[in-house]
Amino acid sequence: MLHSDLTLYREPDKIYVVGKGAGAAVCINRTTFEVSPGTCPVGLTSGHPISGIVGVITLPLTHYLIVIKDKTDVGSIDGTSNIWRLKEYEIIPFHESRNATVDLKQLNDKYMDLLHSILSSAAFYFSYTYDVSLNFQNICSVVGKGQNQSLVQRCDERFVWNKYLMSPIEEYKELHGYCLPLVYGVLSITTCSLNGNTFDFVLFSRRNWHRMGVRYFVRGADETGSVANFVETEQIIRYNGNIASHINTRGSIPLFWTQRPDITYKPYIKFYNQYKQKEVFVKHMQEQVELYGTNTIVSLIDDKGKEKDICRSFTYIAGQKSCQGVRYVHFDFHKECGKNRYQNLSKLMSQIHDDIDNNGYFLRDSEGTILSKQSGVIRTNCIDCLDRTNVVQGLIAKRVLTDQFHKLGILSPEQEIHQSSQFEYVYKNRWADNGDGIALQYTGTPALKSDFTRTGVRTKKGLLQDGYKSMKRSERCLHVTYYCVRVYMKPVI
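A brief report on the enclosed structure follows. (Residues numbered from 1 in each chain as written. Predicted model: local features only at pLDDT ≥ 70, side-chain atom pairs only at ≥ 80, totals over all residues. Heavy atoms only, no water.)

For any two helices packed against each other, one specifies the crossing angle of their axes together with the interaxial distance. Packing of helix α10 (residues 387-408) against helix α11 (residues 421-443) brings their axes to within 11 Å, and their N-to-C directions diverge by 140 degrees. In this view, α10 runs oblique relative to α11, as classed from their interaxial angle. Considering how the two elements wind past one another, α10 and α11 form a crossing that is right-handed. Of α11, the residues touching α10 (which contributes N390, Q393, G394, A397, K398, L401 and F405) are F423, E424, Y427, W431 and G435. Among the residues forming the contact of α10 with α11, the class breakdown is 6 nonpolar, 4 polar and 2 charged. (Axes fitted to C-alpha atoms, helices over the stretch in contact; angles between N-to-C directions. Helix = DSSP H or I, 4+ residues; strand = E, 2+ residues; numbered from the N terminus. Parallel < 35°, antiparallel > 145°, perpendicular 65-115°, else oblique. Left-handed = near helix turned anticlockwise from the far one by under 90°. Contact = heavy atoms within 4.5 Å. Nonpolar A, V, L, I, M, F, W, Y, C, P; charged D, E, K, R; others polar.)

In this section: the pairing of strand β10 (residues 183-194). The buried fraction of β10 amounts to 9 of the 12 residues, a majority that puts the element mostly inside the structure. In terms of strand pairing, strand β9 (residues 124-126) meets β10 through 2 bridges, oriented antiparallel. Paired with F124 across the two strands is Y184, which belongs to β10. Across 10 bridges, β10 lies against strand β11 (residues 197-207) in antiparallel orientation. Along β11, the bridge assignment pairs S188 with L203. Hairpin geometry of β10 and β11 is characterised by an intervening segment of 2 residues between the two adjacent antiparallel strands and by a positive phi of about 55 degrees at N195. (Buried < 20%, exposed > 50% of the residue type's maximum accessible area, 1.4 Å probe, protein only. Pairing = 2+ DSSP bridges.)

Quick look at the nonpolar core now. Core analysis: the largest hydrophobic core is formed by 39 residues, its most contacted members being F199, I237, F405 and F423. Where this core is concerned, the elements lending two or more residues are β10, β11, β12 (231-239), α7 (333-337), α8 (345-351), α10 and α11. In terms of residue count, α10 provides more of this core than any other element does, 8 residues in total. Dropping the residues within four chain positions of it, F423 is found in contact with C192, L194, F199, L401, F405 and I417. (Core = buried A, V, L, I, M, F, W, Y, C linked by side-chain atoms within 4.5 Å.)

A few words on unusual backbone geometry. One non-glycine residue, N195, lies in the positive phi region at around 55 degrees. Inspection of the secondary structure assignment puts N195 in the loop between β10 and β11. One non-glycine residue, C385, adopts positive backbone phi at about 60 degrees. Counting through the fold element by element, C385 comes out in the loop between β20 (376-381) and α10. Judged by its relative accessible area of 0%, C385 falls in the buried class.

A few words now on helix α5 (residues 277-292). In this model α5 runs 22 Å from its N-terminal to its C-terminal C-alpha over 16 residues, within 8% of the 22 Å that 1.5 Å per residue would give. For α5, the complete set of buried residues consists of Q277, V280, F281, V282, H284, M285, Q288 and Y292. Phi turns positive, to about 90 degrees, at G293, one or two residues after α5. (Expected span 1.5 Å × (residues − 1).)

Put into structure tokens, the structure is as follows:
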């Protein structure tokens, strides 16, 4: 049970965080930096309420305790538990370092700027009674299991962004009630009506932290098989006690490659560890099959220009069928859909029609009986796993959603979503917002091609907006490069 009613006390030598009804308090020694269970002295009057502990971080000057001062209610996924978004936080130093050099203080300030930039992004979600790190199918699979485990022990650590920061507290079992998992991503919960049926439409994208980093600076896979910009997107419908869920995944091409920024608009792609390419591909895809079941890889990259070499390498390695449960589909998005020919996306949907049907979706009825489970996913990628990927994932999810609506009786068998302009507007805009949020986290700008996601057509205004966003992405990339070289004296290679 997580503690939701917390009080923070700051004393000259110690910091205490006390949960209402908790058997132990978090006690921090500001001199030795030790974090341990303890008892808050009686009579302290310096306390003020907080909403949770993010964790402890070590920067050049000292250790810091990060706490949640305020939160925003986002809604409920399961109909009973509230989901919150981090609204206001505080970073509390263990002690003030007065003898530090100017250089060390400047370095600490730079790290602090980076910390503030991510904590202030309004993209961290948590709950005291719902595991936000797990998709709904996995939540149901752990019911009855791990009853003696705390939330931090049974969560999906891939999506818990403060997992490392919580480690000094997690070390003590009696303090597990203070370990509040934070998921970094995009979440929307919208109450909708269709054919007189009212339901909640949920879209939740969880970002994996195992290979974190921004566009160009972090690409491809690492030695463990983790890839850049891996995101699990869950679409949920809650209707009359029934819950239907469907998962899409995206992630950088699981090979060893880089695309370090330079003065060109689109830097060249370079490979490394060439002799290990197949090995890392298999390592990544085997993990995906273990986690999600069968995987259909849909690659949307170009078979020409600067994407040509990686396209052919990916096609060759994936085509060797060296990993069971994996199917590879290449669809040259720009070639097929260039010059506003977005109707050609129907070709791709025809290619993966059977995969979508065979994967199925999760469905639990109002009595709690599980009627069906999702047995596989479509794993989509382009180069950034953003703009082209957003378009295709929205189409896949819409196809599944139509089936779910038919099953739940929200739509009659002969009806389609596009026949309800009101709900289709909500659906398209929530998916466009989702794409914008993921793009902002990876590139610093909203997604391209979002006019198609929002309206179903490409417009001149959308093309102009994409040009502006592309320039901003390039500008931001050059700024980050300059920042790395001038501040940290680390060349970008």
